[in-house]
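# Geometric and topological summary
Given next are the chains, with one letter for each unit.
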Amino acid sequence: MPQTVEVRFKGNRKGLFDWAGDEDLLRMRDPVIVDADRGQDLGRISAVGETALKKCGSSCGGCASGEAPPGDRAPILRRASRDEVASHEELRRSEEDVRRQIIERVRAHNLPMKISDAEWQWDRKKLTIYFTSEKRVDFRNLVRELAGQFKTRIELRQIGVRDEAARLSGVGRCGREYCCSTWLTELSPVNLGLAKDQRLSLNPSQISGGCGRLLCCLKYEHEFYVTTRKRFPKEGRMVVTARGQEKVVAVDLFRERVFLRNEEGQRIVPLLQLKEEVEAAGGSAPPAVAAAPAAPAPRPSPPRREAPPAEASVTPPADEAAAAAPSRSKRRRRGRRRRGGGGPGGPGGPEGPSQGSGG
């Protein structure tokens, strides 16, 4: 049965291959020549057997090479000789000069792209160029020019900034090599909520990696913080202890301590002691859920002074309205007499004496 191995190439590129040499098994770091795209390539063994299958299943989520049965994967042609390894290393040293030439051609075409890396296939039948860009780039003219310059097939591959950091590698703020370029097989998404749950500074310069994105290591201990914080009371909560009501100022998850403060001052108590005090003060609930007693009811507001009742307009009955109608008409007639109007019985009226000029 062929041996399944994982072969790693430059950067974080890798793949599964089959080795048919049952008598001479491959070991870690052995250089091998594999069947590549339209040619041959050289890589080193990074995992063998079941370990290689598990790594492929956990990192790529079931690629075509991982799902293929043994014998159907791309084969390993042979072990690499010393001369072939030396030629491969010399080819790697020349890639930096190739990258500089490509950058010059990109500037000549005025293309908005950043050339990250260049990688020769071992047989020099293909040159892969990795670049980053914030938008789509039309590089057809550039590909034709580079193909004529290097006399080989050109492949331009756009990658993200995190993939660029994984490929180029570097040293992080912890003093160690990037996780994504050493052992981290999958770049999972990282959001700002992970830093908030761990009470970290939200300053981008302190929680960002060399790629300019949030640190991948923010996710390593996130589950521990979320699980452990459930055992502690929330900051700013009031709890009832042996000293009465106290406010939770802060918590220390690693030393399991709680910082409390009240009118008498501030103190630091272990989590276990705080739980015992809360239970002794009048409840069996743990401190994380033990709440302070309900706030006293608000004081009753002084009674409002009632405004004098407004005069309501009452509609009199029909008979009363009919009786009041003559009196209103009489008042109107008297008013016209005072003003000298021509009402009945007034001057100029039909019943009054006629006024004539003296004769």
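Here's what I pulled together on the structure shown here. (Residues numbered from 1 in each chain as written. Predicted model: local features only at pLDDT ≥ 70, side-chain atom pairs only at ≥ 80, totals over all residues. Heavy atoms only, no water.)

## Quick word on the overall build of the protein chain
What counts is decided by this rule: Strands here mean DSSP runs of E at least two residues long; helices mean DSSP runs of H or I at least four residues long; both are numbered from the N terminus. Here's how the labels work: a residue is buried when its accessible area is under 20% of the maximum for its type, exposed when over 50%, partly exposed in between, all with a 1.4 Å probe on protein chains only. Calculation of accessible area relied on Shrake-Rupley with a 1.4 Å probe; when residues are assessed, cover is drawn exclusively from the protein chains displayed.
Within the protein chain one finds 10 helices and 12 strands. Out of the 359 residues in the protein chain, the part that is buried amounts to 33%. Surface summary for the protein chain: the accessible area is close to 23600 Å², and the carbon and sulfur share equals 50%.

## Details of unusual backbone geometry
If you check the backbone angles, Arg29 has positive phi at about 70° while not being a glycine. Looking at the element boundaries, Arg29 is found in the loop between β2 (14-19) and β3 (31-36). The class for Arg29 is exposed, based on a relative accessible area of 57%. One non-glycine residue, Glu256, lies in positive phi territory at about 55°. Here Glu256 is to be found in the loop between β10 (244-252) and β11 (257-262).

## As for the pattern of salt bridges
Our working rule: Should a side-chain nitrogen of Lys or Arg be within 4 Å of a carboxyl oxygen of Asp or Glu, the pair is scored as a salt bridge.
By the definition in use, this model includes 27 salt bridges. In this structure, Lys10 engages Asp117 in a salt bridge whose closest nitrogen and oxygen atoms are separated by 3.1 Å. Residue Lys10 is found in the loop between β1 (3-8) and β2, and its partner Asp117 is found in strand β6 (residues 114-120); the two are separated by 107 residues along the sequence. Judged by its relative accessible area of 9%, Asp117 falls in the buried class. The salt bridge partner of Arg231 is Glu256, with a shortest N-O separation of 3.1 Å. One end of the pair, Arg231, is in the loop between α8 (222-229) and β9 (238-241); the other, Glu256, is in the loop between β10 and β11, with 25 residues separating them in the sequence. Glu256 sits in the partly exposed class, given a relative accessible area of 32%.

## Quick notes on the pairing of β10
How we decide: One bridge is not enough; two strands pair if DSSP finds at least two bridges between them.
In this sheet, β10 lies alongside β9 in antiparallel orientation, the contact comprising 4 bridges. Bridge pairing in β10 links Met238 to Lys247. Counted between consecutive antiparallel strands, the loop separating β9 from β10 contains 2 residues.

## Let's talk about helix α5 (residues 161-168)
Among the residues making up α5, those that are buried are Arg162, Glu164, Ala165, Ala166 and Arg167. Phi turns positive, to about 65°, at Ser169, one or two residues after α5.

## A look at the pairing of strand β4 (residues 39-48)
Within β4, 7 of the 10 residues are buried, which leaves the element mostly enclosed by the surrounding structure. Sheet topology note: the β3/β4 ladder contains 6 bridges and is antiparallel. The partner of Ala36 across the bridge, within β4, is Gly39. Two successive antiparallel strands, β3 and β4, enclose a turn made up of 2 residues, where Arg38 displays a positive phi of approximately 55°.

## Some words on helix α3 (residues 82-109)
Definition in use: Here a helix's expected span is defined as the number of its residues, less one, multiplied by 1.5 Å. We define the bend at any residue as the angle between the axes fitted to the seven residues before and including it, ending there, and the seven starting there. Pairs of residues are marked as contacts when any of their non-hydrogen atoms sit within 4.5 Å.
If you check α3, its first and last C-alpha atoms are 41 Å apart, about what 28 residues at 1.5 Å a residue would give, namely 40 Å. Glu95 marks the point of greatest bend in α3, at about 30°. Within α3 the residues assigned to the buried category are Glu84, Val85, His88, Leu91, Arg92, Glu95, Val98, Arg99, Ile102 and Val106. For α3, the secondary structure elements touched by its buried residues are β3, β4, β5 (76-79), β6, β7 (126-132) and α4 (140-150).

## Re the environment of Glu177
The condition is simple: Throughout this description, a polar contact denotes any pair of N or O atoms lying within 3.5 Å of each other; where both atoms belong to protein, one of them has to be capable of donating a hydrogen while the other can accept it, and for residues adjacent in sequence the pair is counted only when both atoms sit in side chains.
Inspection of the secondary structure assignment puts Glu177 in the loop between α5 and α6 (192-197). Excluding anything up to four places from it in sequence, Glu177 contacts Ser169, Gly170, Val171 and Thr182. Within the structure, the side chain of Glu177 is placed 2.6 Å from the side chain of Ser169, a separation counted as a polar contact.

## Describing the sheet that holds β5
The test is simple: Axis angles are defined between N-to-C directions and span 0 to 180 degrees, where every axis is a line fitted to C-alpha atoms and, for a helix, only to the segment in contact.
Spatially, β2-β1-β4-β3-β5 is the arrangement adopted by the 5 strands of the open sheet, whose pairing is antiparallel. Each end of this open sheet is capped by a strand with a single partner; those strands are β2 and β5. Strand-to-strand twist across the sheet, computed as the mean angle between neighbouring axes with direction ignored, equals 45°. Pairing analysis gives 6 bridges linking β1 to β2, with the strands arranged antiparallel. Its bridge partner lying in β2, Thr4 is registered against Asp18. On the sheet, α3 packs against β3, β4 and β5 and is oriented at approximately 100° with respect to β4.

## Topic: the nonpolar core
This is how the line gets drawn: Put simply, a nonpolar core is a bunch of buried Ala, Val, Leu, Ile, Met, Phe, Trp, Tyr and Cys residues held in one set by side-chain atoms that sit within 4.5 Å of each other.
Counting 18 residues, the largest nonpolar core has Ile102, Met113, Leu127 and Ile129 as the members making the most contacts within it. Breaking this core down by element, the ones donating at least two residues are α3, β6, β7, α4 and β8 (153-158). For Leu127, the residues in contact, after removing those within four places along its chain, are Val98, Ile102, Ala118, Glu119, Trp120, Phe150, Thr152, Arg153, Ile154 and Glu155. By size, the runner-up hydrophobic cluster in this structure holds 12 residues, among which are Val239, Val251, Leu271 and Leu274.

## With respect to the environment of Gly172
If you trace the backbone, Gly172 turns up in the loop between α5 and α6. Sequence separation between Gly172 and Leu215 is 43 residues; the distance between their C-alpha atoms is 9.4 Å.

## Regarding the packing of aromatic side chains
Short version of the rule: Pairing of aromatic side chains here covers Phe, Tyr and the six-membered ring of Trp, requires ring centres within 6.5 Å, and sorts the geometry by plane angle: under 30 degrees stacked, over 60 edge-to-face, intermediate tilted. By definition, being over a ring means that NZ of Lys or CZ of Arg is both within 6 Å of the ring centre and within 35 degrees of the ring normal.
Counting across every chain of the model gives 7 aromatic pairs. When the centroid spacing of 5.7 Å and the interplanar angle of 45° are considered together, the rings of Trp183 and Tyr220 count as tilted. Separated by 37 residues along the polypeptide, Trp183 in the loop between α5 and α6 and Tyr220 in the loop between α7 (204-207) and α8 bring together distant segments of the chain. A cation over an aromatic ring shows up here: Arg124 above the ring of Trp120, its NZ or CZ 4.2 Å from the ring centre. A cation over a ring is seen here: Arg167 above Tyr130, with NZ or CZ 3.7 Å from the ring centre.

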